[in-house]
Amino acid sequence: MFNRKTNTITEKDVLAALSKVQEPELHRDLVSLDMVKDIRIDGGKVAFTIVLTTPACPLRGQMERDAVEAVKALPGVEEVQVRFDATVRADNRITGRLNIPIKNIVAVASGKGGVGKSTVAVNLAVALAQQGAKTGILDADIYGPNIPTMMGLTRDHLPSPRDGKLVPPVAYGVEVMSMGFLIPPGQAVIWRGPLLHGAIRQLFTDVAWGELDYLIVDMPPGTGDATLTLAQSVPVTGGIIVSTPQNVALEDAEKSLIAFQKLQVPVLGIVENMAGDVFGEGGAERAARRLHVPFLGRIYLDRAIRQGGDLGRPIVAIDPNNPQAQAFHRLAQAVAARISVVSFQSAPELRII
Ligand SMILES: Nc1ncnc2c1ncn2[C@@H]1O[C@H](COP(=O)(O)OP(=O)(O)OP(=O)(O)O)[C@@H](O)[C@H]1O
Ligand SMILES: [Mg+2]
């Protein structure tokens, strides 16, 4: 395989070495996943690019170390340089059914109100954007839309019309759309069956969304109409369940899990929010274990999170060194990794990039 006499390194040698390196989440090698690009060989120097399935990849460091080690083991290699790029794979059902440029739709739900869905959705979206993913957030809580406030958007930042569609305003690098922009302040709206269906669908189809890697959808509380409507209107790539750490967490999480399963929405996992002295810790993680779904991460109760929400300044955006901001970043990575795995499992025969 190697030309030992002259020690000339070939592209084939490099690919052979990298075919022994595993993608740690997908459990397949980098070469068969078609993740290695742009191999350059200059004497003993080898450079190549690894194309990740998400820019928010938690295991980039490990892959880099493994790849460098594997290629360095080739005779004649003195120096290895790894570059990273990322292409998020599209959930083909979305483009197929709606003809919108969004690659993945992620619903954030809970069995109970007030557990922090909107807070998690906002900080998750901002964290994904900060890690380099093209991200949007859609407020599907059409009864009590509060994403605009949490993202610091006022009525001075309404969506603007273009070619018969609405262009969503951008805050903290995230495209934002909410029924809250379209309803005059203080006006209550009662949506019934078909109207609700139409309204939710329009938030996808009549909005000039950019080419988003991830659209995070903040759901209203409970497992009612809106969840059903969402899943019937658009293909949802995966669902995240937010839960507090109390004892009832298991019951609440189970309700959301059953709802997602009925709607054939893959569950990405459970997030524990508001952990700490007041509510304790670990209940949602235990629920995840009992229900056999991944545990995605824990966010502690922190006044700065609430203040950030009230002031429209998400903690991830304004205080990146805060331990909870960092916890949201780890959550974003866990979510992105799960989406890569879920899309891979749903279409393993397809090339991943
Ligand atoms: N980890 C946290 N630490 C401190 N406060 C938090 C935390 N998570 C959420 N909050 C606060 O709790 C309140 C409820 O959060 P949020 O609105 O995100 O919940 P929700 O599940 O979306 O509620 P609803 O069911 O009404 O949509 C808000 O005031 C928010 O700022
Ligand atoms: Mg909410």
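Refer to the preceding data block for the structure.
Residues numbered from 1 in each chain as written. Chains lettered and ligands numbered in written order. Predicted model: local features only at pLDDT ≥ 70, side-chain atom pairs only at ≥ 80, totals over all residues. Heavy atoms only, no water.

1. Points about empty space enclosed by the protein
In this structure the tally under the stated criterion is 7 cavities of 30 Å³ or more. Size it by volume and the largest cavity reaches roughly 60 Å³. Considering every element that reaches the lining of the largest cavity, the biggest residue donor is helix α12 (residues 323-346), with 5 residues. Across the lining of the largest cavity, the residue classes tally to 6 nonpolar, 4 polar and 1 charged. (1 Å grid on protein atoms, 1.4 Å probe; cavity = no way out; pocket = protein on both sides within 12 Å on 5 of 7 lines; lining within 4 Å. Points joined across faces, edges and corners; volume = space filled by probe spheres on them. Helix = DSSP H or I, 4+ residues; strand = E, 2+ residues; numbered from the N terminus. Nonpolar A, V, L, I, M, F, W, Y, C, P; charged D, E, K, R; others polar.)

2. Some remarks on the environment of A127
Its place among the elements puts A127 in helix α4 (residues 117-130). On the basis of relative accessibility, which here comes to 0%, the residue A127 falls in the buried class. Considering only alpha carbons, one finds A127 and G173, 46 residues apart in sequence, at a separation of 9.6 Å. Excluding its chain neighbours within four sequence positions, the residues that come into contact with A127 are V316, F328, H329 and A332. (Buried < 20%, exposed > 50% of the residue type's maximum accessible area, 1.4 Å probe, protein only. Contact = heavy atoms within 4.5 Å.)

3. Points about the site of ligand 1
Taken together, 18 residues are adjacent to ligand 1, and G114, K117, S118, T119 and N273 come closest. The backbone of G116 places a nitrogen or oxygen atom 2.9 Å from an oxygen atom of ligand 1. A distance of 2.7 Å separates an oxygen atom of ligand 1 from a polar atom in the side chain of K117. In isolation ligand 1 offers 630 Å² of accessible surface; the protein chains occlude 82% of this area. Secondary-structure elements contributing two or more residues to the shell around ligand 1 are α4, β14 (267-275), β15 (295-300) and α10 (303-311). Broken down by class, the residue content of the shell around ligand 1 amounts to 8 nonpolar, 6 polar and 4 charged. (Near = heavy atom within 4 Å. Polar contact = N/O pair within 3.5 Å; in protein donor to acceptor, adjacent residues only side chain to side chain. Areas by Shrake-Rupley, 256 points an atom, 1.4 Å probe, with all protein chains shown as cover.)

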